Amino acid sequence: MKSRTKVTSSLRQASAALTRATGSNPATPLCHNAAAPGMRPLTAAAQPHRRHLHDQRPRRSGAPSNPAMSFPCVDALESRSATLRQQAAAASASQTRTDSTSSGPEPSYTVGATQIFHSNNPLLLDHGGRLVEFDIAYETWGEMNADRTNVILLHTGLSASSHAHSTAANPQPGWWEKFIGPGLALDTNKYFVICTNVIGGCYGSTGPSSIDPSDGKRYATRFPLLTITDMVRAQFRLLDHLGVEKLHASVGSSMGGMQSLAAAVAFPERVGRIVSISACARSHPYSIAMRYVQRKAILNDPNWNRGYYYGQIPPHVGMKLAREIATITYRSGPEWEQRFGRRRADKDKPPALCPDFLVETYLDHAGEKFCLTYDPNSLIYVSKAMDLFDLGRENQVAIRAKRAEREKALREGGGQGGYQQDACSLTLPDTPYEEQPEHHEEFERDGLGFGGSLVGSGGSNYSGPGQKPPADLVAGLSVLWDHPVLVMGVASDILFPAWQQREIAEALRMTGNRNVAHYELSEEQSLFGHDTFLLDVKNVGGMVRNFLG
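As recorded in an unreviewed UniProt entry, the protein goes by Serine O-succinyltransferase and comes from Podospora pseudocomata. Per UniProt, the protein carries the Sequence similarities (unreviewed entry) text "Belongs to the AB hydrolase superfamily. MetX family."

Quick look at the structure:
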């Protein structure tokens, strides 16, 4: 209240000073043609000369004051657009001549040979959509034993393919190359490891870039909304095909860690052990926000064309920006401080508005590598599935009710059963959101905060919003009360902060589970942030190997 009084007093003093300086009536708005009471307004010719910031006439010397800056980064984007436009035109002409089904400049989004499981049985999705048939691309390592009890299902991150490790058919190193093999974290002397590309993806599994068998055209944004559990159900169709009744373990990191938990919640009797690394049991606002701006970068690219860019120029500019944003969340500030500091790419050249600092060139390179190797629509759909992730009881009950209603509609109506994809009824508020002071007061009064320390498997030190996991989440995870679970987090992770893994571990313990191992790597152990699960063979790989036995 005192600070508000001081501000009000200062404003009054400033107003009085302005009145003295201009001689104007405070009640009369200041404008160019305003006249005092009883006086005629000044004509334009009689108006006193006033100098304004943007209307001064420049002194013309015949040459610009400064040379125009060059933008090689923008030139590169325009050049790529031109190349893609030419490729699209050539492909369109070729299609006209040969009536080929393949067209357009977009890549095939494949990373090599995979095995394909095709299901002709429709897959009903949580939010009402349906895939009348679908493919799952997968790869395997090791050998399945006679009773099929040594199987590990490895789940991927958002944009990863099934190629977690090299194979005879595809000798290129995989994204978890150093974690899979004889004597490694996923020991192929003991286990048969399966990794799939999720539905919604673009590396062989059915996704937005796939052909809709109903009309022979690409799904694009006619593809239905997905959930993490939808992805898991499709994976278990593959397990049914392979004759696997129960997994030895469900293993995953990042989005894969979400899937690992979701698989056990959806099929508790079919999962033996659970490994969830750098993940969460429900998505939180910060990570939702970061994925939202990535999607917005793509949607705002004119070439996105509401998802119907196949056969045309893909939204490569938006994809590049989306990847740059994502890369910021994958690593940590302390690592970049050591790795890049304030160093510029070439300190002998003048500063530039294009990538100049080393960290800028790093982000630019990350965006360049990614923008034409992953389908933009897949990024939109799969990232949205991550945002919708919530293993709380209330959400599970609501989804089950929605699925039951949809199944009934399909039985009674057949075909689409009344489902409408374009069912969005969201409207923007009339007034923008404003921060409410009482929210801060409640936050401080309730002791809500973020913090943490190194935690081993012997105890719990959960410290996140609300201090205790919500009862709804505990209830949602109650089916895992007796499953052995390994939960790992990294203190330097800003995308999935370590308190979110503490939340998982504590919620599981509150169900009565006494088989929860929780480890958190300190910043001294890893500065690599969220990407630690891809890089730290010693700590991450070692703990996974020990847990699996």
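Next comes the rest of the description.
Draft legend 1. Representation of the sheet that holds strand β11 (residues 247-253) in the model. Across the sheet, which stays open at both edges, the eight strands sit in the order β1-β4-β8-β5-β11-β12-β13-β14 with mixed pairing between neighbours. In this open sheet, the two edge strands, each paired with only one partner strand, are β1 (115-119) and β14 (516-521). Within this sheet the neighbouring strands show an average axis-to-axis angle of 20°, counted without direction. For strand β13 (residues 485-490) and β14, the ladder comprises six bridges, and the chain directions are parallel. The residue bridging V490 from the neighbouring strand is L521, located in β14. On the sheet, helix α4 (residues 255-266) packs against β5 (151-155), β11 and β12 (271-277) and is oriented at approximately 150° with respect to β11. Strands β5, β11, β12, β13 and β14 of the sheet are contacted by helix α15 (residues 537-548), whose axis makes an angle of about 165° with β12.

Draft legend 2. Representation of helix α10 (residues 393-413) within the structure. With 21 residues, α10 should reach 30 Å at 1.5 Å per residue; the first-to-last C-alpha distance of 30 Å fits that figure. Inspection of α10 places Q396, I399, R403, R406 and L410 among the buried residues, and these make up the whole buried set. Relative to the axis of α10, the buried residues are bounded by an arc of 95° and lie together on one face. Facing away from the buried side of α10 by over 90 degrees, the exposed positions are E394, E405, R411, E412 and G413. For α10, the elements touching its buried residues are β2 (123-124), β3 (130-131), α3 (228-242), α4 and α12 (471-476).

Draft legend 3. Looking closely at the state of the cysteines. Evaluated as defined, the whole model comprises one disulfide. One disulfide in the model links C73 with C354; its S-S distance is 1.9 Å. Judged by the sign of its S-S torsion, about -70°, the cystine formed by C73 and C354 is left-handed. Remark: C354 occurs in the loop between α7 (333-339) and α8 (358-370) and C73 occurs in helix α2 (residues 72-98); sequence separation between them is 281 residues. By relative accessible area, which is 6% here, C354 ends up buried.

Draft legend 4. Up close: the side chain of Q294. As for its position among the elements, Q294 is in helix α5 (residues 285-299). Ignoring any residue separated from it by four or fewer positions in sequence, one finds Q294 in contact with A322, I325 and A326.

Draft legend 5. View of the packing of aromatic side chains. If you walk through the whole model with that rule in mind, you get 12 aromatic pairs. Taking 6.4 Å as the distance between ring centres and 80° as the angle between the ring planes, the aromatic pair formed by F117 and F134 counts as edge-to-face. Taken as a pair, F117 in strand β1 and F134 in strand β4 (residues 134-141) lie far apart in primary sequence, 17 residues in all. Judged by relative accessible area, which is 1%, F134 ranks as buried. Centroid distance F236 to F267: 4.2 Å. Interplanar angle 15°. Geometry classified as stacked. One end of the pair, F236, is in helix α3; the other, F267, is in the loop between α4 and β12, with 31 residues separating them in the sequence. For the pair formed by F236 and F267, the shared burial category is buried. Every member of this aromatic cluster is reached through a ring pair, and the members are W175, W176 and F179. The ring of F370 has R323 sitting right over it, with the charged end atom 4.1 Å from the ring centre.

The rules we used
Residues numbered from 1 in each chain as written. Predicted model: local features only at pLDDT ≥ 70, side-chain atom pairs only at ≥ 80, totals over all residues. Heavy atoms only, no water. UniProt positions renumbered as here; feature names shortened; annotations may be inferred. Pairing = 2+ DSSP bridges. Helix = DSSP H or I, 4+ residues; strand = E, 2+ residues; numbered from the N terminus. Axes fitted to C-alpha atoms, helices over the stretch in contact; angles between N-to-C directions. Contact = heavy atoms within 4.5 Å. Expected span 1.5 Å × (residues − 1). Buried < 20%, exposed > 50% of the residue type's maximum accessible area, 1.4 Å probe, protein only. Arc of directions from axis to C-beta. Disulfide = S-S within 2.5 Å. Phe/Tyr/Trp six-rings, centres within 6.5 Å; stacked < 30°, edge-to-face > 60°. Lys NZ or Arg CZ within 6 Å of the ring centre and 35° of its normal.

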